[in-house]
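Next come the chains, spelled out residue by residue.
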Amino acid sequence: MSNELRTRTIVGIILIIVASAGLYLGGLPFWLLLVVAGVLMQGEWGGLIGASADHRRLAMFSVSVPLALLCPIAAGVSWIAFTSMAAVFFFVMFVTRSVRLALGIVYVCLPVMALLYLREQTPDSYGLMLAFWALALVWATDIGAYFAGRSIGGPRLAPRISPSKTWAGLGGGVLAALVIGFLLHRFGNLPIQLAAASGLLAVAAQLGDLLESAMKRRAGVKDSGTLLPGHGGVLDRLDGVAAVAPLAALLYLLLVLP
């Protein structure tokens, strides 16, 4: 095993352990973990679109307002937090005169809201399972896409954006996500509607990855940051989650709740 692969594997395991611990504990620990990730993602988003250092800092401070309101002992997942996100979006857009930078506010806040909403469902074990499903299917999609793409190869999915992605990889990712979904249905009480929708969410995860790849290509950089050795930035690791979590929460609202 090369040093780079060893580093990537070790850091990946640490990230999964930290994420799993925060997810299991829920409440304040899970919120705090998501807030830290969200603020870092906003900073990396600003870097990818070429925002100045001052504007990046402004956006990072601004996004902390709706993220703070999402605290379980504050407003939590509510219309207050959602309205705050909208207000901060317009504030950043008007002050910096950059719609692209302001879109980062929405890009960061929506998945945080969605994951907190899923985790807060009762009973606690049910909320834990729902939030785990939203995260685990992204991990499964990445793993399935990697091994299917490497072993099968074939036509490229989006060669101008991400030359390494293949249609075989997409199929492998969808299959892996469906396996996770139906396993959680069988052993974790995940509603069958959501298990069946796991393949759709796998496609969303790949689209989220492609969006970030397009941003990196436009910015002329390999990674969104350097914080995570072997992985790049926080945005590099959570681009799929950012796309999947809001859609997972929406599907739960539409397909499961009465």
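As shown above, the structure is provided for reference.
Residues numbered from 1 in each chain as written. Predicted model: local features only at pLDDT ≥ 70, side-chain atom pairs only at ≥ 80, totals over all residues. Heavy atoms only, no water.

Colleague: Can you walk me through the pairing of strand β2 (residues 162-166) in this structure?
Modeller: Where a strand is regular, its side chains alternate between the two sheet faces. Sheet analysis places strand β1 (residues 156-158) next to β2, joined by two bridges and oriented antiparallel. Residue pairing across strands places Arg156 opposite Thr166, the latter belonging to β2. Hairpin connection from β1 to β2: three residues lie between these consecutive antiparallel strands. (Pairing = 2+ DSSP bridges. Helix = DSSP H or I, 4+ residues; strand = E, 2+ residues; numbered from the N terminus.)

Colleague: Honestly, the packing of aromatic side chains in this entry has me stumped. Any pointers?
Modeller: Pairs of aromatic rings are described using the distance from one ring centre to the other and the angle between the two planes. In total, this model carries eight aromatic pairs according to the counting rule given. Judged by centre distance (4.7 Å) and plane angle (35°), the ring pair of Trp45 and Tyr107 falls under tilted. One end of the pair, Trp45, is in helix α2 (residues 27-48); the other, Tyr107, is in helix α5 (residues 99-119), and 62 residues separate them in sequence. For Trp45, a relative accessible area of 8% translates into the label buried. Residue classification places Tyr107 among the buried positions, given a relative accessible area of 15%. Through a chain of ring-to-ring contacts, three or more aromatic side chains come together here, namely Phe89, Phe90 and Phe94. (Phe/Tyr/Trp six-rings, centres within 6.5 Å; stacked < 30°, edge-to-face > 60°. Buried < 20%, exposed > 50% of the residue type's maximum accessible area, 1.4 Å probe, protein only.)

Colleague: Help me understand the nonpolar core, please; the structure alone is not making it clear to me.
Modeller: A general feature of soluble globular proteins is that nonpolar side chains tend to end up buried together. In terms of nonpolar packing, the biggest core is built from 64 residues, with Leu67, Leu70, Leu115, Leu118, Leu130, Trp133 and Leu190 touching the most fellow members. In terms of residues, this core owes the most to one element, α5, which gives 13 residues. In this structure Trp133 touches Gly181, Leu184, Leu190, Leu194, Ser198, Leu201 and Ala248, once residues within four positions along its chain are discounted. (Core = buried A, V, L, I, M, F, W, Y, C linked by side-chain atoms within 4.5 Å. Contact = heavy atoms within 4.5 Å.)

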